[in-house]
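The primary structure of each chain is shown beneath.
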Amino acid sequence: AVEEMEPLQKLYHLLQAKGFQTRMEGVALLLDLCKNSPQLISTNIVQIFDYFVLRIFDTHKKVKQKALDVLAEIIGLLEDALNPVIIRLVEGITKNLNSKDPRVHAAA
């Protein structure tokens, strides 16, 4: 269980970092974990998405766009495991459909 917590702690740290590049690293790490450790992500989905949903609303457009792009891939990877967080994800996507930034809007 300790070895499972290490990547999660790193993920949480990156997703809530001050620097936007570090937050983008966190989004990329989440995608990597979804591909390589889907059971770890599924088991901790609610806690993980408490942090990840914030990146969908990120103040930095690049982070927001990356999070939305990664979310599209995550949906295909995790499918039913997303059920506990689907409402929050839909809210995040919907709010980004109103974005004035064409890339963020397109990603949503």
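An account of the accompanying structure is given in this report. (Residues numbered from 1 in each chain as written. Predicted model: local features only at pLDDT ≥ 70, side-chain atom pairs only at ≥ 80, totals over all residues. Heavy atoms only, no water.)

A count of helices and strands for the chain gives 7 helices and 0 strands. Traced from its N-terminal end to its C-terminal end, the chain shows the element sequence α-α-α-α-α-α-α. Referenced to the eigenvectors of the C-alpha coordinate spread, the extents of the chain come out at roughly 45 × 30 × 20 Å. Looking at the chain as a whole, 39% of its 108 residues qualify as buried. (Helix = DSSP H or I, 4+ residues; strand = E, 2+ residues; numbered from the N terminus. Buried < 20%, exposed > 50% of the residue type's maximum accessible area, 1.4 Å probe, protein only.)

Throughout the structure, instances matching the rule amount to 2 aromatic pairs. Their ring planes at 20° and their centres at 4.5 Å tell us that tyrosine 12 and tyrosine 51 sit as a pair that is stacked. Of the two residues, tyrosine 12 sits in helix H1 (residues 2-15) while tyrosine 51 sits in helix H4 (residues 45-56), which places them 39 residues apart along the sequence. Assessed through its relative accessible area of 8%, tyrosine 12 is described here as buried. Judged by its relative accessible area of 24%, tyrosine 51 is partly exposed. (Phe/Tyr/Trp six-rings, centres within 6.5 Å; stacked < 30°, edge-to-face > 60°.)

We now examine the nonpolar core. Phe49, Phe52 and Ile74 are the most contacted members of the largest nonpolar core, which has 31 residues in total. Secondary structure elements with two or more residues in this core: H1, helix H2 (20-36), helix H3 (38-43), H4, helix H5 (61-78) and helix H7 (102-107). Isoleucine 74 has contacts with Leu30, Leu31, Cys34, Phe49, Phe52, Glu79 and Leu82, leaving out every residue within four places of it along the chain. (Core = buried A, V, L, I, M, F, W, Y, C linked by side-chain atoms within 4.5 Å. Contact = heavy atoms within 4.5 Å.)

Before going further, it helps to spend a moment on the packing of H2 against H5. Relative placement of two packed helices is described by the angle separating their axes and the distance separating the axes. Packing of H2 against H5 leaves a shortest axis separation of 10 Å and a crossing angle of 5°. Between H2 and H5, the interaxial angle falls into the category roughly parallel. In this structure, H2 contributes Phe20, Arg23, Met24, Val27, Ala28, Leu30, Leu31, Cys34 and Lys35 to the contact, and H5 contributes Lys62, Val63, Lys66, Ala67, Val70, Glu73, Ile74, Leu77 and Leu78. The residue inventory of the contact of H2 with H5, partitioned by class, reads 13 nonpolar, no polar and 5 charged. (Axes fitted to C-alpha atoms, helices over the stretch in contact; angles between N-to-C directions. Parallel < 35°, antiparallel > 145°, perpendicular 65-115°, else oblique. Nonpolar A, V, L, I, M, F, W, Y, C, P; charged D, E, K, R; others polar.)

Their axes nearest at 11 Å, the elements H2 and H4 cross at an angle of 130°. Our classification of the angle between H2 and H4 gives oblique. The chirality of how H2 crosses H4 is left-handed. Here Arg23, Val27 and Leu30 of H2 lie close against H4, whose contacting residues are Ile48, Phe52 and Arg55. Residues of the contact of H2 with H4, tallied by class, amount to 4 nonpolar, no polar and 2 charged. (Left-handed = near helix turned anticlockwise from the far one by under 90°.)

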